[in-house]
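Commentary on secondary and tertiary structure
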Amino acid sequence: MNQSGLFKFSIAAVTLLVAQIASAQNSPTGLWKTIDDKTGKVKSLVRISESGGEFQGKIEKLFRDADQDQNPKCDKCEGSNKDQPFIGLTILFNIKRDGDEFGGGKILDPANGKLYSSKLKLVENNKKLEVRGYIGMPMFGRTQIWLREE
């Protein structure tokens, strides 16, 4: 390869790398701190991953008081999640990119075992994630702010 060809190849490789980095930063994939609505304390770490265009989130760690069960089971869940430990539990699933937002999937609240429709939106330079759970229409729900951990 001559110098001109090598230069063009290098530019193409750098452009591809920059595009991949930009795409990854505009994605909810990564580790997120969930915050308790009532106390304002960190509640858990959830890792969001992507496979085949769908995003899913699993609980990796819980932050609980010393007198609490450190890995409770989802005793209020139904189906295959019944009595599964919170740690390792998939709580976000079937989420797909929809423009600047992500939606069409579900979120599980392991505290009450209920499934809600869900949508996600990255805010503040992708450092925060608005996680909306709702029944029926998005206006009938609540939003939590998750903080990017990594």
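A brief report on the enclosed structure follows.

**A few points about the sheet that holds strand E4 (residues 90–98)**
On the basis of which strands lie adjacent, the closed barrel formed by eight strands has the order E1-E2-E3-E4-E5-E6-E7-E8 and antiparallel pairing. Across the sheet, the mean angle separating the axes of adjacent strands is 30° when strand polarity is ignored.

**With respect to a nonpolar patch on the surface**
On the surface, Met 137, Met 139 and Phe 140 cluster together to form a nonpolar patch covering roughly 360 Å² of accessible area. Structurally, Met 139 is set in the loop between strand E7 (128–134) and strand E8 (141–148). Note on Met 139: relative accessible area 58%, which makes it exposed.

**A few points about the layout of surface pockets**
To locate leftover empty space, one rolls a probe as large as a water molecule over the atoms. There is about 740 Å³ of room inside the largest pocket. The wall of the largest pocket is formed by 34 residues, among which Thr 34, Asp 36, Lys 43, Asp 109 and Gln 144 lie closest to the centre. Secondary structure elements with two or more residues in the lining of the largest pocket: strand E2 (42–51), strand E3 (54–62), strand E5 (101–109), E7 and E8.

**Comments concerning the environment of Gly 141**
Structurally, the position occupied by Gly 141 is in strand E8. Residue class for Gly 141 comes out partly exposed when judged on its relative accessible area of 39%. For the pair Gly 141 and Ser 117, spaced 24 residues apart in sequence, the C-alpha separation works out to 9.1 Å.

**Quick look at the state of the cysteines**
By the definition in use, this model includes one disulfide. What pairs with Cys 74 in a disulfide is Cys 77, and their sulfur atoms sit 1.7 Å apart. Measuring handedness by torsion sign, the sulfur bridge of Cys 74 and Cys 77 sits at about 45° and is right-handed.

Conventions we followed
- Residues numbered from 1 in each chain as written.
- Predicted model: local features only at pLDDT ≥ 70, side-chain atom pairs only at ≥ 80, totals over all residues.
- Heavy atoms only, no water.
- Pairing = 2+ DSSP bridges.
- Helix = DSSP H or I, 4+ residues; strand = E, 2+ residues; numbered from the N terminus.
- Axes fitted to C-alpha atoms, helices over the stretch in contact; angles between N-to-C directions.
- Patch = residues over 30% accessible without salt bridge, like charges linked within 9 Å, V, L, I, M, F, W, Y side chains within 5 Å.
- Areas by Shrake-Rupley, 256 points an atom, 1.4 Å probe, with all protein chains shown as cover.
- Salt bridge = Lys/Arg side-chain N within 4 Å of Asp/Glu carboxyl O.
- Buried < 20%, exposed > 50% of the residue type's maximum accessible area, 1.4 Å probe, protein only.
- 1 Å grid on protein atoms, 1.4 Å probe; cavity = no way out; pocket = protein on both sides within 12 Å on 5 of 7 lines; lining within 4 Å.
- Points joined across faces, edges and corners; volume = space filled by probe spheres on them.
- Disulfide = S-S within 2.5 Å.

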